[in-house]
Amino acid sequence: MIGILMAKFKMLVRKPWAFIGLTVSIIIMSALIGGNFSIKSEVVVFSDLSQKEWKPLLEQLNETGAFKYTKYNEEDAIQRVREKKSELAVELKRDGANLIIATNSQNTDLVQYEVMSVYQNLKRNENVLQQASTMPTVNVQQLEKQLDSLSDYNVFKTKQETFTAQDSFVYDASLYSLFGFSLFFVIYTIAFNVVTILTEKKEGVWNRILISPTKKWEMYTGNLLYSFLTGYVQVALVFCVFRFGLDIEFHGAFGKTLIILIPYVFCIIAFSLFVAALVKNLQQFNVAISLVSVSMAMLGGAYWPIEVVTSSFMLLLAKFTPIYYGMEALKGAVIYGYDWNQIAYPIAMMCLVGVVLIGLGIKIIDRKN
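Quick caveat: nothing in here was measured; it's all calculated off a predicted structure. (Residues numbered from 1 in each chain as written. Predicted model: local features only at pLDDT ≥ 70, side-chain atom pairs only at ≥ 80, totals over all residues. Heavy atoms only, no water.)

**Details of the overall build of the chain**
Thinking step 1. Regarding its fold elements, the chain presents 15 helices and four strands.
Thinking step 2. A burial count over the chain gives 41% of its 369 residues as buried.
Thinking step 3. A total accessible area of about 21400 Å² is found for the chain, and carbon and sulfur atoms account for 59% of it. (Helix = DSSP H or I, 4+ residues; strand = E, 2+ residues; numbered from the N terminus. Buried < 20%, exposed > 50% of the residue type's maximum accessible area, 1.4 Å probe, protein only. Areas by Shrake-Rupley, 256 points an atom, 1.4 Å probe, with all protein chains shown as cover.)

Next comes the structure, spelled out in structure tokens:
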């Protein structure tokens, strides 16, 4: 089995371009489609304050999330507003800020609100520290470090919760496109690795190897494990590029997504093996896997949110596709913040479908040969 894995990886090193090309395609498609909905408008910022004074203000502005605040020198900032490359500019001062507006728009009020909120928080912290300095029992330095939230110093305790209507759903374009295209395109990487089992059997490669001490289960395990590793590495690499390269927020569930990918990749391997067992040759497999994978992506919610589908029959068909359960698990973990108990059902379904299909596929292939 180890020898089979080593041989497969050597072939991948010699001809890596299909793997690399498909990986890059996933990244480009996800970034382009998701980016059309998630690009932040730039707001230019300039200030004559020292870096120690303006940098915390800029960081707090960028934490608001609605706009991207970028520091320029005063001349360049005003020039960008004059040329209408930016709608407005913000001059940061010690006690307030000035807005330089090119054209009035709805963003003006939003920027004004965000800037005002940052300065209010700053003033509030200064007032708290000033009052605390008059109290001998309060450690001002320790209080300053813990002043990100004033909930412990308020008279009233407040609790913030969010809610959604029963039929509503949360739509994050960047994450939807990332999940959808990753789960869709990785099917081709896995499928065209799995189908080598069928071609090698027809060409007599397996018969020659089985003359050696290598057993049949080792042949299957080596080929399927190679397909799993390449498929998993590809989709995990795409996720890492978006998380650490493009700074896409996974809301603290990035590690959880990498675990969810394991049963999904396993399920796709089993599905590809089952399709390979049903067809007669490689040409039929290419046609079948293309038609079925595109249909699964459309039904399972890879192209658009499954929540917008109103046909009960289409929703029923979606539940027979691995992509549906992969998307449900990823959306639940990242977008809705579900725990493991809440996403156990789609994970269990992917494992169950994988076990059933991989058993049927091996049985059918062995009977044919």
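**Notes on the pattern of salt bridges**
Thinking step 1. Summed over all chains, the structure comprises one salt bridge.
Thinking step 2. The shortest N-O distance in the salt bridge between Lys331 and Glu328 comes to 3.1 Å. Residue Lys331 and its partner Glu328 are located together in helix α14 (residues 322-334), separated by three residues, close to a single helical turn.
Thinking step 3. Given a relative accessible area of 27%, Glu328 falls into the partly exposed group. (Salt bridge = Lys/Arg side-chain N within 4 Å of Asp/Glu carboxyl O.)

**Details of the packing of aromatic side chains**
Thinking step 1. Per the stated rule, a full pass over the model turns up ten aromatic pairs.
Thinking step 2. Ring geometry for Phe192 versus Phe285: centroids 6.1 Å apart, planes at 80°, classification edge-to-face. Pair noted here: Phe192 is in helix α7 (residues 173-194) and Phe285 is in helix α12 (residues 282-300), with a separation of 93 residues, a long-range link.
Thinking step 3. The exposure class of Phe192 is partly exposed, given its relative accessible area of 35%.
Thinking step 4. Judged by centre distance (6.2 Å) and plane angle (70°), the ring pair of Tyr325 and Tyr345 falls under edge-to-face. Of this pair, Tyr325 sits in helix α14 while Tyr345 sits in helix α15 (residues 344-368), and the two are 20 residues apart along the sequence.
Thinking step 5. Classification of Tyr345 as exposed rests on a relative accessible area of 54%.
Thinking step 6. Taken together, Phe181, Phe184, Phe185, Tyr188, Phe192 and Phe285 form an aromatic cluster joined through their ring pairs.
Thinking step 7. Looking at Lys71, its charged tip hangs above the ring of Trp54, at a distance of 4.9 Å from the centre. (Phe/Tyr/Trp six-rings, centres within 6.5 Å; stacked < 30°, edge-to-face > 60°. Lys NZ or Arg CZ within 6 Å of the ring centre and 35° of its normal.)

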